[in-house]
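# Survey of secondary and tertiary structure
So the chains spell out like this:
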Amino acid sequence: MYEKFRVLLESSGKSAYQVSKNTGVSTATLSNWKQGNYSPKIDKLKLLAEYFGVTVDYFLS
């Protein structure tokens with residue numbers, strides 16, 4: 001899932017920090033997700049999906 005997030009970051013020219021500030025999803029959450037410590041909860045995925053204009057299924061598929 002993080003790979004899809006990374007692709008969205010690159011295509012939008014945003015940093016994880018910018019996304020965190022704009023969505024309220026903490027940088028720690030994004031970092032833990034990147035490191036594979038856990039998968040984000042559905043509420044966080046919804047925020048990220050809305051922010052990038054994709055569906056939650058985009059992250060899950």
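Data block above holds the structure.
The structure reproduced in this document is the subject of the present report. (Residues numbered from 1 in each chain as written. Predicted model: local features only at pLDDT ≥ 70, side-chain atom pairs only at ≥ 80, totals over all residues. Heavy atoms only, no water.)

## Details of helix H1 (residues 2-12)
Counted only if it meets this: Relative accessible area decides the class of each residue, using a 1.4 Å probe on protein chains only: under 20% of the type maximum gives buried, over 50% gives exposed, and in between gives partly exposed. Note on conventions: DSSP H or I runs of at least 4 residues are helices, E runs of at least 2 residues are strands, and numbering of each starts at the N terminus. Directions are taken from the helix axis to each C-beta atom, and the arc is the one they span. Throughout, a contact is declared for two residues whenever any of their heavy atoms are within 4.5 Å.
Turning to H1, its buried residues are Tyr2, Phe5, Leu8 and Leu9. Buried residues along H1 cover an arc of 115° about the axis, so they all sit on one side. Among the exposed residues of H1, those oriented more than 90 degrees off its buried face are Glu10 and Ser11. Of the surrounding elements, those touching the buried residues of H1 are helix H2 (16-23), helix H3 (27-34), helix H4 (42-52) and helix H5 (56-60). Positioned one or two residues after H1, Gly13 has a phi angle of 75°, which is positive.

## Considering the environment of Lys34
You can see Lys34 is positioned in helix H3. Distance in space between the C-alpha atoms of Lys34 and Leu9 is 13 Å, their sequence separation being 25 residues.

## Brief notes about the pattern of salt bridges
Inclusion rule: We count a salt bridge whenever a side-chain nitrogen from Lys or Arg sits within 4 Å of a carboxyl oxygen from Asp or Glu.
Applying the stated criterion across every chain yields a total of two salt bridges. Between Arg6 and Glu3 there is a salt bridge; the shortest N-O distance is 2.2 Å. Of the two residues, Arg6 and Glu3 are both situated in helix H1; the distance of three residues between them amounts to about one turn of the helix. Among the residues examined, Glu3 registers a relative accessible area of 46% and is labelled partly exposed. Linking Arg6 and Glu10 is a salt bridge whose minimum nitrogen-to-oxygen distance equals 2.3 Å. One end of the pair, Arg6, and the other, Glu10, are both in helix H1, four residues apart, so they sit about a helical turn from each other. Here Arg6 falls in the partly exposed class, since its relative accessible area comes to 29%. Through salt bridges with shared partners, one network takes in Glu3, Arg6 and Glu10.

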